[in-house]
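Coordinates in review
In case you want the letters, here they are:
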Amino acid sequence: MLKSARKKEKDPEGRMPLSEHLRELRNRLLKSVLAICVITIIAMFYYMDIAKFLMRPVLDAVGCGGVSFSDLTGKGGAGGKGHDCAYFTVNGLLSPFTIMLKVSFTTGLVVATPVWLYQLWAFLAPGLHRNEKKYGLFFVGLGVPLFVGGAYFAYLILPTSAKVLIGFTPEGANNLLPLDDFLDLLARMVVVFGLAFELPLLLILLNFTGILSGRRMLGWWRAMIMGITVFGAIATPSTDPIGMFALAGPVVVLYFGAVGVSLLNDRRKARRREADPDFGLSDDEASQLDLTPEAVAAPSARPELTDGDDSGPTRRNGYDDVT
């Protein structure tokens, strides 16, 4: 059922009709979803431990330390924290089951990152030249730690955001955090931060494949900083300035890191091109031809004919025998 459509197509350039492309996309998506589902099912057996791992940082930052709800009154309650602490709640009979599914699915999405990143690259690779396909291992090998790093960074800054936001609680009010809403927020932050951390990898791949130069990327730095900041303000699910700058700051640093790598790659290509004019040409590109005109002696339109010349017709009084 999941047999690749490209096994039926032997075109060395990877060209296929639209129906084959759609079938290939379906197969890649099914493989990615299957990997996520398998890991999600495995994560269900460790649901309690994973849930505690996700809740612990927020509980350490704003938790009420196991104090009951009746004690959450005034500044003196909850061990001196009062309204500055929060209490996780579960509402409804089906909420615990829903929470288990959310925790397991978030785990499956993060842990299955190598699989769906590879499927994404495998779908795009046949459209590239042979000298560009070698970056597939680089794409997957660097894309996985970047996505996981972004997800872990979201996990680390969420307690700080929670502490800042809960600090605005009015006097005399108490905070109850529905656990399912918290997990929704955490899952969205994990996905947003993970995908945002993939930006430098995309820029480097565009540079390595010759689509975008490092100098051009460097010229966009003002617009990129503004765009990343606006993206952080819109995409951050917590809608607080802490989360916005926590997302924009590392992505800007990674952007300039990608620019530095691209500039070094452009310099390396320039040196190789000076040594070998054919360096970087794809399989379907011809080598450069020397089109410099050369001085060639043009032959006369009519050879000189002289009287008495045995090699040509005899001329009499300037005319040959025919005339």
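Residues numbered from 1 in each chain as written. Predicted model: local features only at pLDDT ≥ 70, side-chain atom pairs only at ≥ 80, totals over all residues. Heavy atoms only, no water.

So, about the environment of Ala 246. Relative to the helices and strands, Ala 246 is located in helix H11 (residues 241–275). Expressed as a C-alpha distance, the spacing of Ala 246 and Phe 153, which sit 93 residues apart in the sequence, is 8.7 Å. Residues in contact with Ala 246, not counting those within four places in the same chain, are Phe 153, Ile 157 and Phe 193. (Helix = DSSP H or I, 4+ residues; strand = E, 2+ residues; numbered from the N terminus. Contact = heavy atoms within 4.5 Å.)

On the surface, a cluster of positive charge is contributed by Arg 267, Arg 268, Arg 271 and Arg 272. Mapping Arg 272 onto the fold places it in helix H11. Overall, the relative accessible area of 42% leaves Arg 272 in the partly exposed class. (Patch = residues over 30% accessible without salt bridge, like charges linked within 9 Å, V, L, I, M, F, W, Y side chains within 5 Å. Areas by Shrake-Rupley, 256 points an atom, 1.4 Å probe, with all protein chains shown as cover. Salt bridge = Lys/Arg side-chain N within 4 Å of Asp/Glu carboxyl O. Lys, Arg positive; Asp, Glu negative; His and termini not counted. Charge placed at Lys NZ, Arg CZ, Asp CG, Glu CD. Buried < 20%, exposed > 50% of the residue type's maximum accessible area, 1.4 Å probe, protein only.)

Note that Thr 89 resides in strand S1 (residues 86–89). Ignoring sequence-local partners within four residues, the contact set of Thr 89 consists of Leu 176, Leu 177, Pro 178 and Leu 179.

Moving on: the pattern of salt bridges. Using the criterion set out here, one finds 2 salt bridges in the structure. Glu 24 is paired through a salt bridge with Arg 28; the nearest N and O atoms lie 2.8 Å apart. A residue pair is termed a helical-turn pair when its members lie 3 or 4 positions apart in one helix, as Glu 24 and Arg 28 do in helix H1 (residues 18–44) at 4 residues. In this pair, the class of Glu 24 matches that of Arg 28, namely buried. Asp 184 is the salt-bridge partner of Lys 102, the closest N and O atoms lying 3.0 Å from each other. Of this pair, Lys 102 sits in helix H3 (residues 95–111) while Asp 184 sits in helix H7 (residues 179–196), and the two are 82 residues apart along the sequence. Of the residues examined, Lys 102 reaches a relative accessible area of 23% and is grouped as partly exposed. Its relative accessible area of 26% is what places Asp 184 among the partly exposed residues.

When the terminal C-alpha atoms of helix H2 (residues 47–62) are compared, their 23 Å separation across 16 residues agrees well with the 22 Å that a helix rising 1.5 Å per residue should span. At Met 55, H2 shows its maximal bend, which comes to roughly 40°, and the proline Pro 57 appears one to four places after that position. Along H2, the residues that are buried comprise Tyr 47, Ile 50, Ala 51, Leu 54, Met 55, Pro 57, Val 58 and Val 62. (Expected span 1.5 Å × (residues − 1). Bend = angle between axes of the 7 residues up to and from the residue.)

Among the nonpolar cores identified, the biggest contains 46 residues, and Leu 54, Val 58, Val 103, Leu 179, Phe 182, Leu 183 and Phe 193 are the most heavily contacted of them. Among the secondary structure elements, those contributing two or more residues to this core are H2, S1, H3, helix H6 (136–166), H7, helix H8 (199–208), helix H10 (221–235) and H11. Counting residues in hydrophobic clusters, the runner-up holds 14 residues, among them Ala 35, Trp 121, Leu 201 and Leu 205. (Core = buried A, V, L, I, M, F, W, Y, C linked by side-chain atoms within 4.5 Å.)

So, on to a nonpolar patch on the surface. A cluster of nonpolar side chains, contributed by Leu 34, Val 38, Ile 41, Ile 42, Met 44, Phe 45, Tyr 46, Phe 97 and Leu 101, occupies part of the molecular surface with about 910 Å² of accessible area. Elements that contribute at least two residues to the nonpolar patch include exactly H1 and H3. The greatest single-element share of the nonpolar patch, amounting to 5 residues, is contributed by H1. Residue position: Leu 101 is located in helix H3. Residue Leu 101 is classed as partly exposed on the basis of its relative accessible area, which comes to 34%.

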